[in-house]
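Letter by letter, the chains look like this.
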Amino acid sequence: MTEPDDLFELADGLKSLKQQAKELGMFTDDRELLECSSCGLKENVSFEGVLFTFRAPALNVDTGLRFPEPDADGQCRCPGCGESV
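Residues numbered from 1 in each chain as written. Predicted model: local features only at pLDDT ≥ 70, side-chain atom pairs only at ≥ 80, totals over all residues. Heavy atoms only, no water.

Visitor: Help me out: how do you make sense of the overall build of the protein chain in this one?
Guide: When you go through the protein chain residue by residue, the secondary structure sums to one helix and two strands. In the protein chain, the succession of α and β elements from N to C terminus is α-β-β. Computed over its C-alpha atoms, the radius of gyration of the protein chain comes to 16 Å, more than 25% above the 12 Å expected for a compact globule of 85 residues. Projecting the C-alpha coordinates of the protein chain onto the three principal axes gives extents of approximately 55 × 30 × 20 Å. Out of the 85 residues belonging to the protein chain, those deemed buried represent 21%. Once local pairs closer than 6 in sequence are excluded, the contacts in the protein chain between residues at least 24 apart make up 29%. (Helix = DSSP H or I, 4+ residues; strand = E, 2+ residues; numbered from the N terminus. Rg over C-alpha atoms; globule rule 2.2 N^0.38 Å. Buried < 20%, exposed > 50% of the residue type's maximum accessible area, 1.4 Å probe, protein only. Contact = heavy atoms within 4.5 Å.)

Below, the structure is given as structure tokens:
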């Protein structure tokens, strides 16, 4: 039987692991992937878990651009064209 203290320790470990993944640029699935309807820039996740951006039809070609994390209202500026996303 799992003790409550064990669960708290496990939860703390998961939080720490998630933070480490974020620091490495990995996507931790805590928000929707972003897409700019203005210029067509879209986020995707590589099989290594890293966020990248692309424009169709080049689905595997990373543009090198990165969307900033959305603000408290869920908005951010597209790094490709500056539109609000």
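Visitor: I keep staring at the environment of Gly80 and nothing clicks. Help me out?
Guide: With respect to the secondary-structure elements, Gly80 resides in the segment after strand E2 (51–54). Each C-alpha atom, one on Gly80 and one on Thr53, is 9.9 Å from the other, the two residues being 27 residues apart in sequence.

Visitor: Looking at this model, I keep getting lost on the pairing of strand E1 (residues 42–45). Mind explaining?
Guide: Walk down a regular strand and you will see the side chains alternate between the two sheet faces. Bridge analysis of E1 against E2 gives four bridges, and the strand direction is antiparallel. Counterpart to Glu43 in the pairing with E2 is Thr53. Connecting E1 to the antiparallel partner E2 that follows it, the hairpin turn spans five residues, and Gly49 within it adopts a positive phi of roughly 90°. (Pairing = 2+ DSSP bridges.)

Visitor: Got a minute to help me understand the nonpolar core in this structure?
Guide: As a rule of thumb, nonpolar side chains are buried together in soluble globular proteins. The biggest cluster of nonpolar side chains holds seven residues, and these are Leu34, Cys36, Leu41, Phe67, Cys76, Cys78 and Val85. When residues no more than four places from it in sequence are discounted, the contact partners of Leu41 are Leu34, Glu35, Cys36, Thr53, Phe54, Arg55, Thr63, Leu65, Phe67, Cys78, Pro79 and Gly80. (Core = buried A, V, L, I, M, F, W, Y, C linked by side-chain atoms within 4.5 Å.)

Visitor: Is there a simple way to explain the pattern of salt bridges in this structure?
Guide: Two side chains that carry opposite charge are able to pair once their charged atoms sit near each other. Summed over all chains, the structure comprises four salt bridges. With its nearest N and O atoms 3.4 Å apart, the salt bridge here joins Arg31 to Glu69. One end of the pair, Arg31, is in the loop between helix H1 (4–23) and E1; the other, Glu69, is in the segment after E2, with 38 residues separating them in the sequence. Take Arg31: its relative accessible area is 17%, and that puts it in the buried class. Taking relative accessible area as the criterion, Glu69 reaches 55% and is therefore assigned exposed. Between Asp62 and Arg66 there is a salt bridge; the shortest N-O distance is 2.7 Å. A relative accessible area of 36% means that Asp62 is categorised as partly exposed. The structure contains a network of salt bridges with shared partners spanning Arg31, Glu43 and Glu69. (Salt bridge = Lys/Arg side-chain N within 4 Å of Asp/Glu carboxyl O.)

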